[in-house]
Structure formats: C-alpha cells, structure tokens
Amino acid sequence: MNANKTISLIVPVFNEAKNIPSFYVALKEILETSGYRYEILFINDGSEDSSAEELVKISGDERVKILDFSRNFGKEIALTAGLNHCSGEAAIMIDADFQHPLELIPDFLAKWERGAEVVVGVRQTNKNCGLIKRYGSFLFYKIINRISEQPLAPNSTDFRLLDRVVIDEFNKFTERNRLTRALIAWLGFRREYIYFEAKERRDGLAAYNVRKLISLAMNSFISLSLFPLKMAGYLGIVIVLLVGPFGLYVLIGKYLAGWYYASSFSGPAQLALLLTFLVGIVLCSLGLVALYIAHIHKEVLGRPLYVLRGKRNKIYE
Ligand code: UDP
Ligand code: MG
C-alpha cells in the first residue's frame, strides 16, 4: 500500500556543505526502509559555501530534486518554494543540520496514516541554544499567543508533515511576509504533535542570529495580529478616560464650586492636564485610523475566506 504513495522531503539548505553528504545518506536510509516512494527536494537558499557543488554531486539520484535560489531569500521562502514544487501525497520539512531527528520520520508517517493532516514536531528542550535565543523564543510565543487570532503551539518547529490538501491550500497564500508555521496554524486541519529532543547542530553555524530572529518575530507580530496597530488607540482611550473626568473635576471645582482641593491647582497644572487630554484625543484618532489600516491590511493579505478539507469528504453525496 505504501509503495503507491509518494512522500516529499523538503530540505532548506544554507551553507550546509559539510552536512549535505551525510544528511543525504542518512535520510535515504530511513526512507528506503519506510517502504514509501519518495522524492527529496533540496532548496539551496543562496549558500555561500560549496553546498551547491555538494548538491550537484548527489543530483544523479533521480529522486533528488534541487531548487537553486539566485540569492539568500531566507528559510521561510525556501520552505514555501519546496511546498510549491513538491509532488508527493504528503511533504515533510526538515532541517539539513541534523537538529531534527531523522529517525522520527516513520512516526510522522504513522500519524499521517492514522488521519492526521498536519503533524507538528515540537521541541522539548532547548538546552543547546543560548540564553537569549531560549528566552527570546519563550517571549515570542507568549506574545504571539496573546495577540494573534490563531494560537501557535510553543516550541513548535518547522519539522512537520503536511498532507496534500494542506499543501494545496498553503500554496494559495499570496502574502510576502510569512512565517510558515503560523500560516499552517491559520489553516487549521487535523493536527497531531510529536515531541523531540533537539540535538546539537552537526556542522557549520546557525544562520539565524539574534538580529535575524528579532526581525522575523517583528514581521510575524505585524502580519499575524492587528494589536500593535490598535495599541495607540487603546492608550488614547485610557488617557481620555483618566484625564477627562479629572480635568472636569478641577475646572468645576476651581471656577464654579470652589472646592478646596481643586482650587489649589495652578495655571500650569491645568495647562498640563489640558495638554494630556488633547494628546489622548490625538491618540484616539490615531487608533481610529489604525482601524481603517487594519481593514486595508486584511484585504491586502487576501487570505481565503474559508478553507475546505477538500472534496475527499463528500458531505453532500
Ligand atoms: N536555512 C535556509 N536559509 C537561511 C537560513 C537557514 O534555508 O537563510 C536553513 C538551514 O540550512 C537549515 C535550516 O534552514 O537547514 C535551519 O537553519 P538554522 O540551523 O540556521 O536555524 P535554527 O536551527 O537555529 O533554527
Ligand atoms: Mg539548526
């Protein structure tokens, strides 16, 4: 039964020359024993070392396909390209640096066979990462789950399997700023999780330094949530609600009722109150503009209104 199904392996590659030969051999070994037909897509994301040559060396294998980017576009785009070009009934995305344990691939396939449409690899510990990366990641998931509409499982990685229906839906996304795992979370579908211990990177350096990760995180916040945009408005509302009544109290107390406490407010203090109140109004208006921008933002993203599980489940027949 398995022999009729093709599994696509999607491997983004950026400066992995030293890992490619051993990774290829190890991956092939696992796939051969799985009993499925398979293809391996390497996406060379503008590597500056000899990764391209290493890939050419293994390109004699008809099951190996290579996409060669003209420059470095980043892992998210590399994964997207892989999903665009794969032809399997399911695709598994996996890093080339051995941090995603290859021996778990059969577990992913087993869960898929049992009906999962998305199988997500979740990193259990992160002890091989630096402190900043670890807490940064913790903070990222905390914030994103607070503000975004679709929750993201903390520590979920790009090591994941997608069923063909999910791949086809994913390929319809047109937005440019993208975090692959967030888009997949947005799509929904039946999901299962596999927990694993991230190993140390075998060779070479992690390309995602802190600066790159922060920019990825900022992009994700902006593309996944409208909350940052609305923040100015919320701040304005708080200021108006606090300063407005207080200013009114001072004005009435000083000039009309003659309340003792209110009378002690000097001219500059009243001016300060007035200014703060006006700033609050300005921020409220900004928030209002933000609502319109949010509207435009949603339209521009052009995400599908709904996602069908496909015609496989023929509900109406
Ligand atoms: N990668 C890529 N493009 C990049 C950076 C990384 O295709 O611009 C690939 C890299 O070759 C590896 C995977 O993405 O297969 C994960 O990268 P890395 O190990 O640097 O990140 P981390 O393990 O820290 O998430
Ligand atoms: Mg890595």
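It should be noted that the structure appears before, not after, this text.
Only a predicted model underlies this, so the values are computations on that prediction, with no experimental measurement involved.

Parameters and conventions
- Residues numbered from 1 in each chain as written.
- Chains lettered and ligands numbered in written order.
- Predicted model: local features only at pLDDT ≥ 70, side-chain atom pairs only at ≥ 80, totals over all residues.
- Heavy atoms only, no water.
- Helix = DSSP H or I, 4+ residues; strand = E, 2+ residues; numbered from the N terminus.
- Buried < 20%, exposed > 50% of the residue type's maximum accessible area, 1.4 Å probe, protein only.
- Contact = heavy atoms within 4.5 Å.
- Donors = N, O, S within 2.8 Å, 3.2 Å for Na, K, Ca; no water.
- Pairing = 2+ DSSP bridges.
- Axes fitted to C-alpha atoms, helices over the stretch in contact; angles between N-to-C directions.
- Patch = residues over 30% accessible without salt bridge, like charges linked within 9 Å, V, L, I, M, F, W, Y side chains within 5 Å.
- Areas by Shrake-Rupley, 256 points an atom, 1.4 Å probe, with all protein chains shown as cover.
- Salt bridge = Lys/Arg side-chain N within 4 Å of Asp/Glu carboxyl O.
- Parallel < 35°, antiparallel > 145°, perpendicular 65-115°, else oblique.
- Left-handed = near helix turned anticlockwise from the far one by under 90°.
- Nonpolar A, V, L, I, M, F, W, Y, C, P; charged D, E, K, R; others polar.
- Core = buried A, V, L, I, M, F, W, Y, C linked by side-chain atoms within 4.5 Å.

A tally of regular secondary structure across the protein gives eleven helices and seven strands. C-alpha atoms of the protein, sized along the principal axes, occupy 90 × 55 × 35 Å. Taken over 317 residues, the protein has a buried fraction of 43%. Contacts in the protein between residues far apart in sequence, at least 24 positions, make up 79% of those at least 6 positions apart.

Take the coordination of the magnesium ion (ligand 2) next. Coordination of the magnesium ion (ligand 2) by the protein is provided by Asp97 (OD) and Gln99 (OE1), with metal-donor distances spanning 1.9 Å. Classification of Asp97 as buried rests on a relative accessible area of 3%. Among the residues examined, Gln99 registers a relative accessible area of 24% and is labelled partly exposed.

What follows covers the sheet that holds strand 1 (residues 6–13). Spatial ordering of the open sheet is given by 3-2-1-4-6-5-7, a layout of seven strands whose pairing is mixed. Looking at which strands have only one partner, the edges of the open sheet turn out to be strand 3 (64–68) and strand 7 (191–196). Averaged over all adjacent pairs, the angle separating strand axes in this sheet is 20 degrees, with direction ignored.

A cluster of nonpolar residues, Leu131, Ile132, Tyr135, Phe138, Leu139, Ile143, Val210, Ile214 and Met218, forms a patch on the protein surface that exposes about 920 Å² of accessible area. Every element with two or more residues in the nonpolar patch is listed here: helix 5 (131–147) and helix 8 (210–224). At six residues, the largest contribution of residues to the nonpolar patch is made by helix 5. Relative to the helices and strands, Val210 resides in helix 8. Judged by relative accessible area, which is 37%, Val210 ranks as partly exposed.

This brings us to unusual backbone geometry. For residues that are not glycine, phi is negative in most cases, and the peptide bond is trans in most cases. The phi torsion at Phe98 lies on the positive side, around 70 degrees, for a residue other than glycine. Along the polypeptide, Phe98 turns up in the loop between strand 4 (90–93) and helix 4 (105–113). Judged by its relative accessible area of 7%, Phe98 falls in the buried class. With phi around 75 degrees, Phe189 is a residue other than glycine that occupies positive phi space. With respect to the helices and strands, the residue Phe189 is situated in the loop between helix 7 (180–187) and strand 7. The exposure class of Phe189 is buried, given its relative accessible area of 13%.

A few words now on the packing of helix 9 (residues 227–257) against helix 11 (residues 267–301). In a pair of packed helices, the angle between the axes and the distance between the axes together describe the arrangement. Closest axis-to-axis distance for the helix 9/helix 11 pair is 7 Å, and the angle between their directions is 150 degrees. Between helix 9 and helix 11, the angle falls in the class roughly antiparallel. Relative to helix 11, helix 9 is oriented so that their crossing is left-handed. Of the residues belonging to the contact of helix 9 with helix 11, the class tally is 21 nonpolar, eight polar and two charged.

Once that is clear, we can look at the environment of Arg201. Among the secondary structure elements, Arg201 is positioned in the loop between strand 7 and helix 8. By relative accessible area, Arg201 is classed as buried at 18%. Separated by 142 residues in the primary sequence, Arg201 and Ser59 place their C-alpha atoms 24 Å from one another. The residues contacting Arg201, other than those within four sequence positions of it, are Glu16, Asn19, Asp97, Gln99 and Ala206.

The subject of this paragraph is the nonpolar core. One finds Leu9, Val11, Leu27, Ile40, Phe42, Ile92 and Ile105 to be the most contacted residues of the largest nonpolar core, which totals 35 residues. Counting residues per element, the ones that place at least two in this core are strand 1, helix 1 (20–34), strand 2 (37–44), helix 2 (51–58), strand 4, helix 4, strand 6 (156–163) and strand 7. A total of six residues in this core trace back to one element, the largest contributor, which is helix 1. When residues no more than four places from it in sequence are discounted, the contact partners of Val11 are Phe23, Leu27, Ile40, Leu41, Phe42, Ile43, Ile94, Asp95 and Ala96.

Before going further, it helps to examine the packing of helix 5 against helix 8. Remark: helix 5 packs on helix 8, axes separated minimally by 11 Å, with the N-to-C direction vectors making an angle of 5 degrees. As summarised for this structure, helix 5 and helix 8 are arranged roughly parallel, according to the angle between their axes. Between helix 5, through Ile132, Lys133, Phe140, Ile143, Ile144 and Ile147, and helix 8, the contact on the second element is made entirely by Val210, Leu213, Ala217, Ser220, Phe221 and Leu224. Tallied by class, residues from the contact of helix 5 with helix 8 come to ten nonpolar, one polar and one charged.

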